[in-house]
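Observations on the model geometry
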Amino acid sequence: MKPVRVITLWWLLLLVPRLGATRKGSQEESFYYGTFPPGFSWGVGSSAYQTEGAWDQDGKGPSIWDAFTHSGKGKVLGDETADVACDGYYKVQEDIALLRELNVSHYQFSLSWPRLLPTGVRADQVNGKGVKYYSDVIDALLKSNITPMVTLHHWDLPQLLQVKYGGWQNTSLIDYFNDYANLCFEAFGDRVKHWITFSDPRAMVEKGYETGHHAPGLKLHGTGLYKAAHHIIKAHAQAWHSYNTTWRSRQQGFVGISLNCDWGEPMDIRNPREIEAAERYLQFCLGWFANPIYAGDYPQVMKDRIGKKSAEQGLEMSRLPVFSLKEKSYIKGTSDFLGLGHFTTRYITERNHPSHQGPSYQNDRDLVELVDPNWPDLGSNWLYSVPWGFRRLLNFAQTQYVDPPIYVTQNGASQKLHCTQLCDQWRIQYLKGYINEMLKAIKDGANIRGYTSWSLLDKFEWEKGYSERYGFYYVEFNNRNKPRYPKASVQYYKKIIAANGFPNPREVRSWYLEALETCSINNQMLAAEPLLSHMQMVTEIVVPTVCTLCILIAAVLLMLLLQRQS
């Protein structure tokens with residue numbers, strides 16, 4: 001029981017309420033009024049595939065998500081695609097104006113690998129139009145005094161790399177990613193100082209190679225995701241070393257990775273087995289990628305569990321790949337900062353999944369995730385508002401990985417289903433609670449440098465199509481011009497940024513009231529959208545048609561008049 005006792009002591013230290021934290025939820029927590037450190041960076045984020053559209057324009061090659069959504073096999077809700085999405089490729093200046101309106105310090109966005117390298121291979125072809133597009137975006141951001149925080153890969157792998165090599169199942173992708181990363185460092189590194197290699201690789205491999213819910217849609221249960229993750233970790237390390245040896249001295253930038261994880265709270269904090277299960281949940285979620293980068297190898301609990309179940313399933317080797325001693329040394333320390341994404345919390349309890357049930361990521365963990373029915377339900381089937389879990393996760397990362405600089409790279413709430421109102425009070429409450437818990441974590445000692453709220457716009461939400469909306473700005477997808485409308489949360493987030501925190505109860509309360517007043521006016525504009533669209537159609541189609549008919553009639557009358565005179 002000695003290891004469990006050590007974990008128990010560590011958890012008890014973590015669970016000690018500080019600055020008013022409790023396990024009961026944000027409504028019963030004491031709110032902490034104060035400000036963030038000087039220079040704290042506030043931002044919003046997006047990703048290329050979810051927003052850009054222009055899927056086959058200006059030399060862009062196909063991505064695995066283009067192939068996945070075009071297959072027409074019910075893989076995406078409503079068989080939607082991101083062929084147009086927010087039309088962001090053609091609305092750069094308009095969207096940068098929205099960033100200026102928010103008054104953010106930085107904008108986190110991703111580059112499209114197949115837009116820059118249509119086949120995924122640098123030696124084949126570099127798309128000059130793609131390079132120019134992103135160069136112009138970066139210049140426009142800097143001109144508006146907004147720092148670009150650039151992600152190299154947010155799930156949209158070039159389709160030809162999937163077809164030819166099997167995607168991240170193949171070790172060849174490590175070198176191809178490194179070539180792509182070096183192209184980006186070379187083309188944009190004089191202006192970009194914050195690089196993220198991969199965004200949420202755990203979801204990318206679990207849903208892409210285990211459940212098949214995401215592109216490339218493979219179901220290689222209990223094997224494919226571990227193999228893909230192994231190659232992604234190596235690819236991250238190689239890109240970091242490339243930057244460190246070739247580009248850092250002249251560009252003075254930073255390279256990290258963005259890892260998403262929900263908080264796992266023991267169902268019973270007095271039960272050592274449930275504490276151990278919650279620890280295991282976090283190691284299989286965050287530690288899977290973070291531990292190799294910060295400690296040189298996979299978490300011991302992953303190696304033990306997967307190795308044991310693999311043996312019981314009659315396999316000679318563990319389904320979890322092994323790093324060589326040389327690789328461990330090469331990977332360890334390859335992050336200048338830790339990007340941390342977080343949305344919600346789960347209660348964790350232990351449950352043994354017998355090995356004869358077959359290999360799978362879920363069975364390897366031997367646990368069950370639960371939710372409290374009293375947690376605020378935001379309308380999504382997975383996202384509950386549990387602010388205190390955010391502080392727990394930030395403190396866990398700070399302790400587990402020995403005080404790394406942390407950038408929160410994703411945090412946000414989706415809009416309730418079938419709701420088109422711009423008065424998103426639930427998102428305001430979510431922002432208020434989660435940002436305040438982040439402030440408490442800083443007071444606890446966590447080294448948090450910046451915060452990215454997810455996301456700037458409503459956008460394509462992967463297998464859920466356009467059914468969920470995370471944006472500060474509502475996008476009318478049924479209008480071909482994809483107009484943007486500010487939600488109430490825009491005004492509220494602006495106030496937090498301007499105050500660099502929460503100055504006092506009276507002022508914070510006034511922010512909420514002002515935001516709701518503003519959204520009422522914007523709702524009227526949104527309500528008028530169908531009429532405006534109809535008028536636009538009349539202007540663009542009916543009026544030219546009528547004019548053409550008038551000209552034809554006039555021409556006929558003129559001919560008849562000339563014939564009569566002759």
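Please read these numbers as outputs of a predicted model, since none were measured by experiment. (Residues numbered from 1 in each chain as written. Predicted model: local features only at pLDDT ≥ 70, side-chain atom pairs only at ≥ 80, totals over all residues. Heavy atoms only, no water.)

Let's talk about the sheet that holds strand 7 (residues 263–266)
Strand order in the open sheet formed by 3 strands is 7-9-10, and the pairing between neighbours is mixed. Edge positions in the open sheet fall to strand 7 and strand 10 (367–370), since each of these has one partner strand only. Recorded for the sheet is a direction-independent mean angle of 40 degrees between the axes of neighbouring strands. Across 4 bridges, strand 7 lies against strand 9 (residues 345–350) in parallel orientation. Looking at the pairing, Pro266 lines up with Ile348 of strand 9. Helix 11 (residues 272–295) contacts strand 7, strand 9 and strand 10 of the sheet and is inclined by roughly 125 degrees relative to strand 9. Where helix 15 (residues 387–400) meets the sheet, it contacts strand 7 and strand 9, and its direction lies at approximately 100 degrees from that of strand 7. (Pairing = 2+ DSSP bridges. Helix = DSSP H or I, 4+ residues; strand = E, 2+ residues; numbered from the N terminus. Axes fitted to C-alpha atoms, helices over the stretch in contact; angles between N-to-C directions. Contact = heavy atoms within 4.5 Å.)

Quick word on the environment of Asn395
With respect to the helices and strands, Asn395 occurs in helix 15. By relative accessible area, Asn395 is classed as buried at 4%. C-alpha of Asn395 to C-alpha of Lys440: the two residues are 45 residues apart in sequence and 9.8 Å apart in space. (Buried < 20%, exposed > 50% of the residue type's maximum accessible area, 1.4 Å probe, protein only.)

A word on the confidence of the model for the protein chain
Detailed conclusions should not be drawn from predicted coordinates in areas where pLDDT is low. Scored by pLDDT, the protein chain has a mean of 91; 89% of the residues are at 70 or more. For residues 1–9, every residue scores under 50 in pLDDT, and the model assigns this stretch 7 contacts once sequence neighbours within four places are set aside. When the criterion is pLDDT under 50, residues 24–28 qualifies, and its contacts beyond four places in sequence or with other chains add up to 4 contacts. (pLDDT = per-residue confidence, 0-100.)

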